Amino acid sequence: MKQHYDIVIIGGGMVGASLACSLLSVSEELDLNIAVVESTPLPAKGSLTYQPSYDARSTALAYGSRSIYEAMGVWDRLKKHVSPISDIHVSDKGHLGITRLNAQQEGVPALGYVVENQWLGHVLLEHLQQADQPNIDFICPAEVTNVRSGAEIMGVTVLYQEQSIELSCELVVMADGGRSSLRESMGVSYTQKAYDQHAIVTNISADQPHGGVAYERFTDSGPMALLPLNNDDGDNRSALVWTVPDDMLEELLGLDDQSFIERLHERFGYRAGNFIKVGQRSSYPLKLTLADEQVRRGLVVLGNAAHALHPIAGQGYNLALRGVAALADKLIQARKGKQNLGDLALLQTFYEQQRLDQTRTVVFSDQTMKLFSNHNPLLATGRSVALQLLDICPAAKTLFARSAMGLDRPAPKLK
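This structure is a prediction, so every number in the text was calculated from the model and none was measured.

Quick notes on the rules
- Residues numbered from 1 in each chain as written.
- Predicted model: local features only at pLDDT ≥ 70, side-chain atom pairs only at ≥ 80, totals over all residues.
- Heavy atoms only, no water.
- Salt bridge = Lys/Arg side-chain N within 4 Å of Asp/Glu carboxyl O.
- Helix = DSSP H or I, 4+ residues; strand = E, 2+ residues; numbered from the N terminus.
- Buried < 20%, exposed > 50% of the residue type's maximum accessible area, 1.4 Å probe, protein only.
- Axes fitted to C-alpha atoms, helices over the stretch in contact; angles between N-to-C directions.
- Left-handed = near helix turned anticlockwise from the far one by under 90°.
- Contact = heavy atoms within 4.5 Å.
- Nonpolar A, V, L, I, M, F, W, Y, C, P; charged D, E, K, R; others polar.
- Expected span 1.5 Å × (residues − 1).
- Core = buried A, V, L, I, M, F, W, Y, C linked by side-chain atoms within 4.5 Å.
- Pairing = 2+ DSSP bridges.

Novice: How would you summarise the pattern of salt bridges if you had to cite specific residues and measurements?
Specialist: Using the criterion set out here, one finds 13 salt bridges in the structure. Note that Arg355 and Glu352 form a salt bridge whose closest N and O atoms lie 2.6 Å from each other. You can see Arg355 and its partner Glu352 sitting in helix α10 (residues 344–373), three residues apart, about one turn around the helix. On the basis of relative accessible area, Glu352 is assigned to the partly exposed category, the value being 41%.

Listed below in structure tokens is the structure:
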């Protein structure tokens, strides 16, 4: 552990570890010293193996996110246990409108990929550990208890092995998730809008292979997504995200497995086959959260600590990853130009570039949720017609697909 670092990343989860991986290849060349402070212990080197769990949580990666992980040098390892999405099937319960997207028709190997969070985290940590890079230190398990701003240097207090340690750095990156108490203690305010909904998350198996098809199903009680999972274990697993009103949550979570499956079929139908097995169910409240101040001199707020979206269309993590790649590129260029990494003008430029992407993604997820949750018969008819027109209009479908895949944004450089 050093007393001074160029960058201190608070949080070694998927966002924080991705940022460290983005900077890894240039850290030695640019003499870039990075500390990653994480509250959970770091797995022993060489102990990172894939162990599929029926109850694992998963993330949908847009095709554009694959490009980012390719630029980091982790995709070859990551792809071993991801499930490619070959088709996306979008429908509105009770209405005829349906839209289908196909990877082959769009000229890509997959529209996206579904990965278990545990495997993604393992691959990122393994990439950092195998590099044996002296410029990157993991400080864990540890907790950052205070961050202090200075004219050129930031101060960071870390509680590590029951000792309070003082570090200094040019830049602090807060990537410690949506429940960041540190963010609140620093006076970083945020805007929040509750949707009065919860997401029920579980894995479920059908009596037939999923074939790489992902489903987005809109219902009068909220959207639901069914995402294909890697099937090395032969379990025909898919990841289910079922949005329900708050007043339905307790009842659904209290159902036995068979009753839960029956309720799911009533909402989803049988387009994916007969569901025969359901895993452990968990839930979380849905709300739109945006940090009002995502950069300060010497500070960047990143990932869920900066923005938390409705899970509709699976845009949240992909937005965060685009922010990671954009920040890494800015920091690399600043270092080459011998600029202080915490320079406010530098960080404001990064934020201004990302703000359009954030606004567009937030508005899309928020307005789509409102549109498909509205019970107005005229709107329902309009939705059905729009889905049908999208399905038969190749040009519109391609524009929609490119946006969903994250291919309508500039590719990261990371060098």
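Moving on from the coordinates now.
Novice: Before we move on, can you summarise the packing of helix α1 (residues 14–27) against helix α5 (residues 117–130) with the specific residues and values?
Specialist: With their axes 9 Å apart at the nearest point, α1 and α5 run at an angle of 35° to one another. Relative to α5, the crossing made by α1 is left-handed. Where α1 abuts α5, its residues Met14, Ala17, Ser18, Ala20, Cys21 and Leu24 lie against Asn117, Leu120, Leu124, His127 and Leu128. Within the contact of α1 with α5, the residues separate by chemical class into eight nonpolar, three polar and no charged.

Novice: Report on helix α9 (residues 316–336), specifying residues and quantitative values.
Specialist: Turn by turn, an α-helix covers 3.6 residues, leaving residues three or four places apart pointing in a common direction. Between the first and last C-alpha of α9 there are 31 Å, a value that for 21 residues agrees with the 30 Å anticipated at 1.5 Å per step. Most of α9 is tucked away, with 17 of its 21 residues classed as buried. Directly beyond the C-terminal end of α9, a positive phi value near 55° is found at Lys338.

Novice: An account of the nonpolar core is requested, with residue identities and associated values reported.
Specialist: Counting residues in each nonpolar core, the largest one holds 65 residues, and the members touching the most others are Ile7, Leu19, Leu23, Tyr69, Leu78 and Leu302. By residue number, the principal contributor to this core is α9, which donates eleven residues. With residues near it in sequence (within four places) discarded, Leu78 still touches Leu61, Tyr69, Val115, Trp119, Leu120 and Val123. Within the second largest apolar cluster, 26 residues are counted, among which are Tyr5, Leu167, Cys169 and Val172.

Novice: Give a detailed account of the packing of helix α2 (residues 63–72) against α9, specifying residues and quantitative values.
Specialist: Think of two packed helices as two axes; the pair is described by the angle between the axes and how far apart they sit. Interaxial distance between α2 and α9 falls to 10 Å at its minimum, and their mutual angle equals 40°. Crossing of α2 against α9: the hand is left-handed. Mapping the contact onto sequence places Ser65, Ile68, Tyr69 and Met72 in α2 and Tyr317, Asn318, Leu321, Arg322, Val324 and Ala325 in α9. The residue inventory of the contact of α2 with α9, partitioned by class, reads seven nonpolar, two polar and one charged.

Novice: Go over the pairing of strand β17 (residues 282–291) with me, naming the residues and quoting the values.
Specialist: Alignment of strand β12 (residues 190–206) against β17, held across ten bridges, turns out to be antiparallel. Counterpart to Lys193 in the pairing with β17 is Leu288. Note that β17 and strand β20 (residues 307–308) share two bridges and pair antiparallel. Bridging across to β20, Thr289 finds its partner in Ala308.

Novice: Now, about the sheet that holds strand β7 (residues 112–116): what can you tell me, with residues and values included?
Specialist: Reading across the sheet, the three strands line up as β3-β7-β4 and stay open at both edges, with antiparallel pairing between neighbours. Two strands lie at the open edges of the sheet, namely β3 (58–62) and β4 (83–85), each paired on one side alone. Across the sheet, the mean angle separating the axes of adjacent strands is 25° when strand polarity is ignored. Taken together, the three bridges between β4 and β7 define a ladder with antiparallel strand orientation. Directly across from Pro84, in β7, lies its bridge partner Tyr113.

Keep in mind these numbers describe shape, not what the thing actually does.
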